[in-house]
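Fold and geometry: a report
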Amino acid sequence: MKLQTRAAIRYAKAVLSLAIDQNKADEVNYNMQLIASTIDDSKELQVVLSSPVVKLETKEKTLLAIFGTSINNISKGLIHQLIENKRLSMLAEVAAQYTIIYDFHKGTQAAIVTSAVPLTDDLKEKILLKVKNIVGKKVTIENIIDPSIIGGFILRVGDKQFDASISGEMNDLRRQFDDNLYVPKL
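Right, let's walk through the structure included here. Source: prediction; values computed, not measured.

Calculation notes
Residues numbered from 1 in each chain as written. Predicted model: local features only at pLDDT ≥ 70, side-chain atom pairs only at ≥ 80, totals over all residues. Heavy atoms only, no water. Pairing = 2+ DSSP bridges. Helix = DSSP H or I, 4+ residues; strand = E, 2+ residues; numbered from the N terminus. Axes fitted to C-alpha atoms, helices over the stretch in contact; angles between N-to-C directions. Contact = heavy atoms within 4.5 Å. Salt bridge = Lys/Arg side-chain N within 4 Å of Asp/Glu carboxyl O. Buried < 20%, exposed > 50% of the residue type's maximum accessible area, 1.4 Å probe, protein only.

Sheet architecture is open: four strands sit in the order E2-E1-E3-E4, paired in mixed fashion. Because the sheet does not close on itself, it has two edges, and the strands there are strand E2 (138-145) and strand E4 (160-165). Within the sheet, the average angular offset between the axes of one strand and its neighbour, ignoring direction, is 15°. Relative to E4, strand E3 (residues 152-157) runs antiparallel, the two sharing six bridges. Within E4, the residue paired with Phe153 across the bridge is Ala164. Against the sheet, helix H7 (residues 121-135) makes contact with strand E1 (108-115), E2 and E3, and its axis sits at roughly 130° relative to E2, the strand it touches most.

Written out as structure tokens, the structure reads:
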């Protein structure tokens, strides 16, 4: 586990504790999902947040202009705290860790399915049912589209991953071929 990930988990736990005390854990979870997805979707915002050249005041104004009325005071407080501690570059990671810890607190687990094409509703339901039976918890599903896997899917639940993608199978075959390749010595 990276040092920065540990710090992100500590911040996320502190925010969750405050949110629970103020009975706003659900609202903060929505804010954290918004923050994480917005930063992940914007390369420009990632550059601004990680740049040592951009002043902290500018970063704060940028974030408040983007999220302003969309997030609550607890989420704004996290941004201010990260700025004060010169750790604003961790904002997306803290937001992502908050969601993971929040799901654990609620007794749910996220299943991430990466597929070449969007999953049908019927297939999502089948996957949800299967994963729920395996983990024994309420499960939410997130579908990530990645055409590079060619076909099939990759299922990630917690720290476990099941790769049933065509690209995964091709990589396995390539490794087996390389391992069994006989090169005669001259």
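Turning to the environment of Leu82, a few remarks are in order. Relative to the helices and strands, Leu82 resides in helix H5 (residues 73-84). C-alpha of Leu82 to C-alpha of Asp103: the two residues are 21 residues apart in sequence and 23 Å apart in space. Once residues within four sequence positions are removed from consideration, Leu82 is found in contact with Tyr11, Arg87, Leu88, Leu91 and Val94.

Turning our attention to the pattern of salt bridges. Applying the stated rule across the entire model yields three salt bridges. One salt bridge connects Lys106 with Asp26, and the closest N-O pair in it is separated by 3.7 Å. A residue pair is termed long-range when its members are at least 10 positions apart, and Lys106 in helix H6 (residues 91-106) and Asp26 in helix H2 (residues 25-41) qualify at 80 residues. Residue Asp26 is classed as partly exposed on the basis of its relative accessible area, which comes to 46%. Among the salt bridges present, the one from Asp172 reaches Arg175, with a minimum N-O distance of 2.4 Å. Residue Asp172 and its partner Arg175 are located together in helix H8 (residues 166-180), separated by three residues, close to a single helical turn. The exposure class of Arg175 is partly exposed, given its relative accessible area of 49%.

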